[in-house]
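# Fold and geometry: a report
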Amino acid sequence: MAWPTAEVARMSGVTARTLRHYDEIGLLPPARTGTNGHRYYEEAQLLRLQQILVLRALGLGLPEIGEVLAEQVDEVEALRDHHRRLLAERDRLGALAATVSRTIVELEQSRKDGRPMSGINRPENLFEGVRPSQYGDNLREFPELADAVARHGSTLSDDRIEAGHRERTAQMIRLAELMVAGTPVHAEAVLAEIEAQYEGLTELRAVSAEEFRAIGRSCVTNEQWRAAYEAIAPGLAVYQRDAIEAYATSRLDP
């Protein structure tokens, strides 16, 4: 049985544009291409797409995924390896959720008491359970931008990667703090946080207002991405999406 691109996109949640990109770079060629130019995928390609998506969710860039798939011999053993990685990722997200939950509780308590947050005395507590590679996961539906992020990361030293990792984690915590405080998404403090995110992307590649909005919508519509935000704080996915929309409207639209 063969499925056309549109059906594969519907089943997998991957856009037709992304599937075409995977074909163009040799990562996921279709089983065949019809005389009308339409691509068709069979079971082997669907299994390969599943592996690609799992590896993307685990933080691998497209070049690394190509290398992993090229080295695979036994599909069952490969799936076992992916399963082990997913279980490790589940444990990491549990640690991350506990870390941010603890931080929010301490932030709320520090506001009531008027004292500094106790966790600042041990800043490493803010970063428990977070890995730098996770930030690229959210861009898997935007392959060109994801590749730009991966290429940039490959040029950085471990120290610079760690510094950037800590700053991005701090950004996430600050946004969660603003949400918990009831700050409107159009407030200057929120827009400043989103602007920092936008500028971080545009340092790597031009990002239009509509593409930035699409990234924001994916915070909610992509199940894995939404789950990552909700693990940080309930409601944060929607808050991030709405904040990006507010920023694009006020700062990016003509």
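Fair warning: this is a prediction, and the values are worked out from it, not measured in the lab.

Along its length, the protein chain carries 12 helices and three strands. Within the protein chain, buried positions represent 41% of all 254 residues. Of the contacts made within the protein chain by residues no fewer than 6 positions apart, 66% connect residues no fewer than 24 positions apart. Carbon together with sulfur atoms contributes 54% to the accessible area of the protein chain, which is approximately 13500 Å² in total.

Let's shift gears to the pattern of salt bridges. Evaluated as defined, the whole model comprises 10 salt bridges. Where Glu-210 meets Arg-213, a salt bridge forms, and the shortest distance between an N and an O atom there is 2.8 Å. With Glu-210 and Arg-213 both in helix 10 (residues 209-221) and three residues apart, the pair spans about one turn of that helix. Taking the relative accessible area as the measure of exposure, Arg-213 reaches 8% and is therefore buried.

The next thing to look at is the confidence of the model for the protein chain. On average, residues of the protein chain carry a pLDDT of 78, and 76% of them reach 70 or more. Predicted confidence is poor over residues 117-135, with pLDDT under 50, and the contacts of this stretch with residues over four places away or in other chains come to 48 contacts.

Once that is clear, we can look at the side chain of Arg-39. Following the sequence through the fold, Arg-39 ends up in strand 3 (residues 39-41). By relative accessible area, Arg-39 is classed as buried at 18%. At 2.7 Å, the side chain of Arg-39 forms a polar contact with the side chain of Asp-23. Among residues more than four places away in sequence, those in contact with Arg-39 are Trp-3, Pro-4, Thr-5, Arg-20, Asp-23, Pro-30, Arg-32 and Thr-33.

Moving on, we come to helix 4 (residues 62-71). Regarding helix 4, the residues found buried are Leu-62, Ile-65 and Leu-69. All buried residues of helix 4 project into a common sector of 55° when viewed along the axis, lining one side. Residues of helix 4 that are exposed and point more than 90 degrees away from the buried face comprise Pro-63, Glu-67, Ala-70 and Glu-71.

Moving on to the nonpolar core. Core analysis: the biggest nonpolar cluster contains 30 residues, and Val-190, Ile-194, Phe-212, Ala-233, Leu-236 and Tyr-239 have the highest contact counts within it. Those elements that place two or more of their residues in this core are helix 8 (158-180), helix 9 (188-202), helix 10, helix 11 (223-232) and helix 12 (236-252). Once residues lying within four places of it in the same chain are set aside, the contact partners of Ile-194 are Leu-175, Phe-212, Gln-240, Ala-243, Ile-244 and Tyr-247. Core analysis: the second largest hydrophobic core is formed by 18 residues, Trp-3, Leu-19, Leu-60 and Ile-65 among them.

Considered for burial, the residues of helix 1 (residues 5-12) that qualify are Thr-5, Val-8 and Ala-9. Angular distribution of buried residues about the axis of helix 1 spans 100°; they occupy a single face of the element. Facing away from the buried side of helix 1 by more than 90 degrees, the exposed set consists of Ala-6 and Arg-10. Residues of helix 1 that are buried make contact with strand 1 (3-4), helix 2 (16-24), strand 3 and helix 3 (43-57). Gly-13 occupies a position one or two residues after helix 1 and carries a positive phi of about 85°.

Let us now look at the sheet that holds strand 2 (residues 32-33). Strand order in the open sheet made by the three strands is 1-3-2, with antiparallel pairing throughout. Each end of this open sheet is capped by a strand with a single partner; those strands are strand 1 and strand 2. Relative to strand 3, strand 1 is paired through two bridges, and the arrangement is antiparallel. Residue pairing for strand 3: Trp-3 is matched across the bridge by Tyr-41.

This part is about the environment of Ser-208. As for its position among the elements, Ser-208 is in the loop between helix 9 and helix 10. You can call Ser-208 partly exposed: its relative accessible area is 40%. For the pair Ser-208 and Asp-253, spaced 45 residues apart in sequence, the C-alpha separation works out to 9.4 Å. Here Glu-211 takes part through its backbone nitrogen, which lies 3.0 Å from a polar atom of the side chain of Ser-208.

Each pair of packed helices can be summarised by the angle the axes make with each other and by the distance between the axes. Between helix 3 and helix 4, whose axes approach to 10 Å, the crossing angle comes to 130°. Overall, the two elements helix 3 and helix 4 adopt an arrangement that is oblique. For the element pair helix 3 and helix 4, the recorded crossing hand is right-handed. For the pair formed by helix 3 and helix 4, the contact residues are Arg-48, Gln-51, Ile-52, Leu-55 and Arg-56 on the first element and Leu-62, Ile-65, Val-68 and Leu-69 on the second.

About the criteria used
Residues numbered from 1 in each chain as written. Predicted model: local features only at pLDDT ≥ 70, side-chain atom pairs only at ≥ 80, totals over all residues. Heavy atoms only, no water. Helix = DSSP H or I, 4+ residues; strand = E, 2+ residues; numbered from the N terminus. Buried < 20%, exposed > 50% of the residue type's maximum accessible area, 1.4 Å probe, protein only. Contact = heavy atoms within 4.5 Å. Areas by Shrake-Rupley, 256 points an atom, 1.4 Å probe, with all protein chains shown as cover. Salt bridge = Lys/Arg side-chain N within 4 Å of Asp/Glu carboxyl O. pLDDT = per-residue confidence, 0-100. Polar contact = N/O pair within 3.5 Å; in protein donor to acceptor, adjacent residues only side chain to side chain. Arc of directions from axis to C-beta. Core = buried A, V, L, I, M, F, W, Y, C linked by side-chain atoms within 4.5 Å. Pairing = 2+ DSSP bridges. Axes fitted to C-alpha atoms, helices over the stretch in contact; angles between N-to-C directions. Parallel < 35°, antiparallel > 145°, perpendicular 65-115°, else oblique. Left-handed = near helix turned anticlockwise from the far one by under 90°.

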